Amino acid sequence: MIDKCVSIDQALENVRDGDCVMVGGFGVPGTPFSLINGLLEKGTRGLTLIKNEANEDGMGLSRLIEAGRARKLICSHLGLNATVIGMMNRNEIEVEFYPQGILAEKIRAGGAGLMGILTDIGVDTILTEKKQRIDVNGRSAVVEPALRADVALIHAHRADPFGNLVYQKSARNFNPLMATAADTVIAEVEAIVDTGDLDPEHVHTPGAFVDHVVVMEEITSEYGVLEHHAL
Amino acid sequence: MWWSWKRSRPNTGYWNITPYKEKIAQRAAEEIAAGQVINLGIGIPTLIPKYLTSEKPVFIHSENGILGMGPRTQPGKEDRNLIDAGGNYVSLVKGASFFDSTLSFALVRGGRLDLAFLGTLEVSETGDLANWIIPGKFSPGIGGGMELAQKSRRLVVTSTHTDRKGRPKIRRKCTLPLTAKGCVDTIITELAVIDVTPEGLVLREIAEGTALNEVIQKTDAPLIIPRREVPRF
């Protein structure tokens, strides 16, 4: 029987300085904090990071960026992270912004073996000023090349040893897309079940896309409820 | 079965919201029709749900992959895996669904979002919207705003009539970089409800206790004033 379960250290062994790393999550839900912390401890640097946002100050992806490990960040929004905005304004990190759904589609295209997408989003704005344009049936379209990464870090709710993944609620977000779009896909999971115990109708990411499964030892406090977002 | 909010007295304690924002949100809620799929941007739009009545069931979309979002979760009941696009813990209504980020924006770009409410920095008389960047001062990224502005079937801007320095936000032309061109259908402020039409900006309603002159004075773009008496809200 195939068993892709490994330790965090084993899973991250082949992540190298200068790699491009995609990281799932939208806010706390779906962010693989354990894998990010593993990368922080490993000391990898010069990274290009791709994530919807950079988490909030002092959390998750922001910790990697604050520690100076990232050369570049590709994301959609940094509204909840003044630290990274400050670093961007001081040119301590290069930041590339995309409309959220276009970022998602670029990643989906990368995962699907396509070269890019065509879109009219932002055609009248400064966001697309320097981008390649083509005419499609008389309409101006922006060419958005596909995005792939060396490594994807994924957080899932449950997995089986083959790497079939099930996400939970709003923790799904970018995870299933990124799980298709990297050369090495590492999924941390809250629980592992026996092969055959996941209902095939409910598998979100088929195991073929996943290289390593890391079963989390505990759900640490960073995965918990953020008081400042509660009533 | 749709879930809907009951009309209740605005609770201004949580967010320290000034009354005019409540007034804008209350008026904005009247633009929603029963059964619509809607998206609420940050700021004033997040106040709209409490002004929806049980006769007006709606499905609220959240960019992070939810359709059928309910009100914010009561203290102690938060689910760590269930937030809205602004990070707040939310509940679900019956019939809700989860999906990934591509499907979330397929719903928006594909024309299945009936109505979006967004705040703004500036709006032009032709419905151009500028709400995402002040070069050199404010550039947190566009998030989902550009797609919502450009592709929702109807876009209502909810905003104060003037900025913090008292300058008109409704202008002949936007001075800030655009979010999208010609995307705004209606503007709701504490002073007026204004429709963007091919002829120009039409004053549809005026706030109770507001003089017509004040609206004209605080609007940089020309307003088309109907000959009949303008209804109050």
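Residues numbered from 1 in each chain as written. Chains lettered and ligands numbered in written order. Predicted model: local features only at pLDDT ≥ 70, side-chain atom pairs only at ≥ 80, totals over all residues.

Turning next to the overall build of chain B. Of regular secondary structure, chain B possesses four helices and 13 strands. Radius of gyration (C-alpha) of chain B: 18 Å, near the 17 Å computed for a compact globule of 233 residues. By residue count, 45% of the 233 residues in chain B fall in the buried class. The contacts in chain B between residues at least 6 apart in sequence include a share of 66% that link residues at least 24 apart. (Helix = DSSP H or I, 4+ residues; strand = E, 2+ residues; numbered from the N terminus. Rg over C-alpha atoms; globule rule 2.2 N^0.38 Å. Buried ≥ 20, exposed ≤ 12 C-beta atoms within 10 Å, placed from the backbone. Contact = placed C-beta atoms within 7 Å.)

All names here are of chain A. On the basis of which strands lie adjacent, the open sheet formed by three strands has the order β5-β7-β6 and antiparallel pairing. Edge positions in the sheet fall to β5 (116-119) and β6 (133-136), since each has one partner strand and no second. Looking at each pair of strands side by side, their axes are set apart by 40 degrees on average, direction ignored. Its contacts with the sheet put helix α5 (residues 100-111) on β5 and β7 (139-145), and the angle it makes with β5 is roughly 145 degrees. (Pairing = 2+ DSSP bridges. Axes fitted to C-alpha atoms, helices over the stretch in contact; angles between N-to-C directions.)

What follows deals with the nonpolar core. Residue and element names in this part refer to chain A. Met22, Ala152, Met178, Ile186 and Ala187 are the most contacted members of the largest nonpolar core, which totals 122 residues. With seven residues, the top contributor of residues to this core is strand β8 (residues 149-159). Among residues more than four places away in sequence, those in contact with Ile186 are Ala11, Leu35, Val151, Ala152, Leu153, Ile154, Asp211, His212 and Val214. (Core = buried A, V, L, I, M, F, W, Y, C linked by C-beta atoms within 7 Å.)

All names here are of chain A. Counting through the fold element by element, Ile65 comes out in helix α3 (residues 61-66). Judged by C-beta crowding, with 24 C-beta atoms within 10 Å, Ile65 ranks as buried. Considering only alpha carbons, one finds Ile65 and Ile93, 28 residues apart in sequence, at a separation of 8.1 Å. Apart from the residues lying within four places of it in its own chain, the contact partners of Ile65 are Ala54, Ala70, Leu73, Val84, Met87 and Ile93.

Once that is clear, we can look at the interface of chain A and chain B. Listed per partner, the contact involves 39 residues of chain A and 38 residues of chain B. Those elements that provide at least two residues to the side of chain A that touches chain B are α5 and α6 (175-178) of chain A. When grouped by side-chain class, the residues that make up the side of chain A that touches chain B number 21 nonpolar, 13 polar and five charged. (Nonpolar A, V, L, I, M, F, W, Y, C, P; charged D, E, K, R; others polar.)

Right, let's get into helix α4 (residues 82-89) of chain A. Because an α-helix packs 3.6 residues into every turn, residues spaced three or four apart end up facing the same way. Residues and elements named next belong to chain A. Of the residues making up α4, those classed as buried are Val84, Met87 and Met88. For α4, the angular spread of the buried residues around the axis is 100 degrees, confining them to a single face. Facing away from the buried side of α4 by more than 90 degrees, the exposed set consists of Ala82 and Gly86. The secondary structure elements touched by the buried residues of α4 are α3 and β4 (94-97). Looking one or two places after α4, you find Asn91, whose phi comes out positive at around 60 degrees. (Arc of directions from axis to C-beta.)

Residues and elements named next belong to chain B. Taken together, 10 strands build an open sheet; the order of strands is β4-β3-β2-β1-β5-β8-β10-β11-β12-β13 and the sheet is mixed. The open sheet terminates on both sides in strands that have one partner only, identified here as β4 (90-98) and β13 (223-224). Sheet strands in contact with helix α1 (residues 19-29) are β5 (115-118), β8 (155-158), β10 (186-188) and β11 (192-197), and its direction is about 160 degrees off that of β8.

Given a rise of 1.5 Å per residue, 12 residues ought to cover 16 Å, and the 17 Å separating the end C-alpha atoms of α5(A) matches this to within 8%. The buried count for α5(A) comes to 12 of 12 residues, which makes it a mostly enclosed element. Every buried residue of α5(A) is accounted for by A:Gln100, A:Gly101, A:Ile102, A:Leu103, A:Ala104, A:Glu105, A:Lys106, A:Ile107, A:Arg108, A:Ala109, A:Gly110 and A:Gly111. On its buried side, α5(A) packs onto β1 (20-23), β5, β7 and α6 of chain A together with α2 (101-109) and α3 (145-151) of chain B. Count one or two residues on from α5(A) and you reach A:Gly113, which has phi positive near 75 degrees. (Expected span 1.5 Å × (residues − 1).)

Viewed as axis vectors pointing N to C, α5(A) and α2(B) meet at an angle of 125 degrees, and their least axial separation amounts to 9 Å. The angle between the axes of α5(A) and α2(B) places the two elements in the oblique class. For the crossing formed where α5(A) meets α2(B), the hand is left-handed. Between α5(A) and α2(B), the residues in contact are A:Gln100, A:Gly101, A:Ala104, A:Glu105 and A:Arg108 and B:Ser101, B:Thr102, B:Ser104, B:Phe105, B:Val108 and B:Arg109, respectively. Split by residue class, the contact of α5(A) with α2(B) holds three nonpolar, five polar and three charged. (Parallel < 35°, antiparallel > 145°, perpendicular 65-115°, else oblique. Left-handed = near helix turned anticlockwise from the far one by under 90°.)

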